[in-house]
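# Chains, contacts and geometry: an overview
For reference, the chains in residue letters:
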Amino acid sequence: MTPDVSALLAVQQDDLAIYALEARLAALGPRLAALEKERSAVAGALERAHRAVEAEESRHREARGRTETHRQLVERSQRQFESVTSPREAAAASTQLEQTKRMATESERDAAQVQGRVNDLRHQVADLERQLAEVESRQAEARGTLDADRVAIERELADARQKRDTSARAVPRAMLTMYDRVRARRRSASVFPLRGQSCGACDTAIPTQRRAAMAASGKLEMCEGCGVLLYAAD
Ligand SMILES: [Zn+2]
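Residues numbered from 1 in each chain as written. Predicted model: local features only at pLDDT ≥ 70, side-chain atom pairs only at ≥ 80, totals over all residues. Heavy atoms only, no water.

### Observations regarding the coordination of the zinc ion
Protein coordination at the zinc ion comes from Cys 199 (SG), Cys 202 (SG), Cys 223 (SG) and Cys 226 (SG), with a distance range of 2.3 Å. Every donor counted, the four donor atoms about the zinc ion form angles of 104 to 116° at the centre, which fits tetrahedral coordination. Ordering the donors of the zinc ion by residue number gives the pattern C-x2-C-x20-C-x2-C. Here Cys 199, found in strand β2 (residues 198-199), pairs with Cys 223, found in the loop between β3 (221-222) and β4 (229-231); they are 24 residues apart in sequence, far enough to count as distant. The pair formed by Cys 199 and Cys 223 is uniform in burial state, with each residue classed as buried. (Donors = N, O, S within 2.8 Å, 3.2 Å for Na, K, Ca; no water. Tetrahedral: all angles 85-135°; square planar, octahedral: opposite > 155°, others 65-115°. Helix = DSSP H or I, 4+ residues; strand = E, 2+ residues; numbered from the N terminus. Buried < 20%, exposed > 50% of the residue type's maximum accessible area, 1.4 Å probe, protein only.)

### Points about the side chain of Ser 198
Checked against the element boundaries, Ser 198 lands in strand β2. By relative accessible area, Ser 198 is classed as buried at 16%.

### Considering the domain arrangement of the protein chain
Parsing the protein chain into structural domains produces domain 1 (18-167) and domain 2 (172-234). Using only C-alpha atoms to locate each centre, domain 1 and domain 2 end up separated by 65 Å. (Domains from an automatic or database assignment.)

### Some points on the environment of Ile 206
Relative to the assigned elements, Ile 206 resides in the loop between β2 and α4 (208-217). For Ile 206, a relative accessible area of 6% gives the class buried. Separated by 24 residues in sequence, Ile 206 and Leu 230 place their C-alpha atoms 9.9 Å apart.

### Some remarks on the environment of Ala 168
Mapped onto the secondary structure, Ala 168 falls in helix α2 (residues 87-168). Along the chain, Ala 168 and Asp 14 lie 154 residues apart, while their C-alpha atoms are 9.4 Å from each other. Every residue in contact with Ala 168, bar those within four places of it in the chain, is listed here: Val 11 and Leu 176. (Contact = heavy atoms within 4.5 Å.)

### What to know about the nonpolar core
By size, the foremost hydrophobic cluster in this structure holds 15 residues, and its most contacted members are Leu 8, Val 171, Leu 176, Tyr 179, Val 191 and Leu 220. Among the elements that line this core, the one with the most residues is helix α1 (residues 3-82), at five residues. (Core = buried A, V, L, I, M, F, W, Y, C linked by side-chain atoms within 4.5 Å.)

### Brief notes about the sheet that holds strand β1 (residues 191-195)
Taking strand neighbours across the sheet as the criterion, the four strands line up as β2-β1-β4-β3 in an open arrangement whose pairing is mixed. A single partner strand is all that each edge strand has here, and the edge strands are β2 and β3. Taken together, the two bridges between β3 and β4 define a ladder with antiparallel strand orientation. Looking at the pairing, Glu 221 lines up with Leu 230 of β4. Of the strands in this sheet, β1, β3 and β4 are in contact with helix α3 (residues 173-186), which crosses β4 at around 130°. (Pairing = 2+ DSSP bridges. Axes fitted to C-alpha atoms, helices over the stretch in contact; angles between N-to-C directions.)

### Concerning the pattern of salt bridges
What the rule picks out here adds up to 26 salt bridges. Note that Glu 22 is salt-bridged to Arg 161, the shortest N-O span being 2.8 Å. A residue pair is termed long-range when its members are at least 10 positions apart, and Glu 22 in helix α1 and Arg 161 in helix α2 qualify at 139 residues. Among the residues examined, Glu 22 registers a relative accessible area of 23% and is labelled partly exposed. Judged by relative accessible area, which is 39%, Arg 161 ranks as partly exposed. In this structure, Arg 150 and Glu 154 form a salt bridge, with 3.2 Å as the shortest nitrogen-oxygen distance. Note that Arg 150 and Glu 154 are positioned in helix α2 at a spacing of four residues, about one turn of the helix. Three or more residues are tied together by salt bridges with common partners; here these are Asp 15, Arg 164, Asp 180 and Arg 183. (Salt bridge = Lys/Arg side-chain N within 4 Å of Asp/Glu carboxyl O.)

Here you go:
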């Protein structure tokens with residue numbers, strides 16, 4: 001193995017370390033998304049319950065308005081009934097009074113029903129507020145851990161990239177460019193030694209002549225089977 005190849009293998013080690021760190025960083029994403037999904041399920045339910053309360057409260061105001069109107073009708077009918085002067089008027093006024101009383105009773109019952117729904121929904125809102133607070137306090141620790149992990153990995157990554165830059169300076173430019181091209185495609189180990197007469201990655205046989213040339217020149221050759229770069233091991 002030539003010093004150039006040995007320098008390139010050091011760069012490859014650094015690149016593999018960087019890939020591992022990048023994978024760890026990417027794995028934090030789904031963990032954060034899972035926390036967010038859990039929280040937003042409760043927050044969404046709370047938001048819907050709030051809107052339902054508002055809608056029922058508006059219905060309740062309308063029902064109260066109708067009740068008030070009907071009570072006034074009852075009072076008016078009552079006054080009419082008390083001021084009648086003939087039996088015929090008395091019969092009509094009595095019927096009128098009964099009718100308005102029925103309407104007032106019905107609208108009061110409606111208003112009470114709506115009030116019941118408002119009360120139920122307010123309990124639901126209070127429950128969901130408690131649930132949300134519980135989820136958030138439970139998640140605080142997990143989010144803190146995730147954040148600390150992210151910061152630590154990012155710091156390690158910065159160090160690893162700096163180390164890689166330093167290692168790369170020891171590799172001839174043309175060799176590094178070729179390696180980077182293969183690496184960009186594979187995003188994994190890209191330089192392998194010949195294993196006997198074959199590619200160390202895929203076992204495709206390499207012709208004797210090419211192997212002899214590699215050994216003589218110390219140059220890298222691309223495997224026609226899998227596209228990795230091969231070097232002649234000692
Ligand atoms: Zn191969």
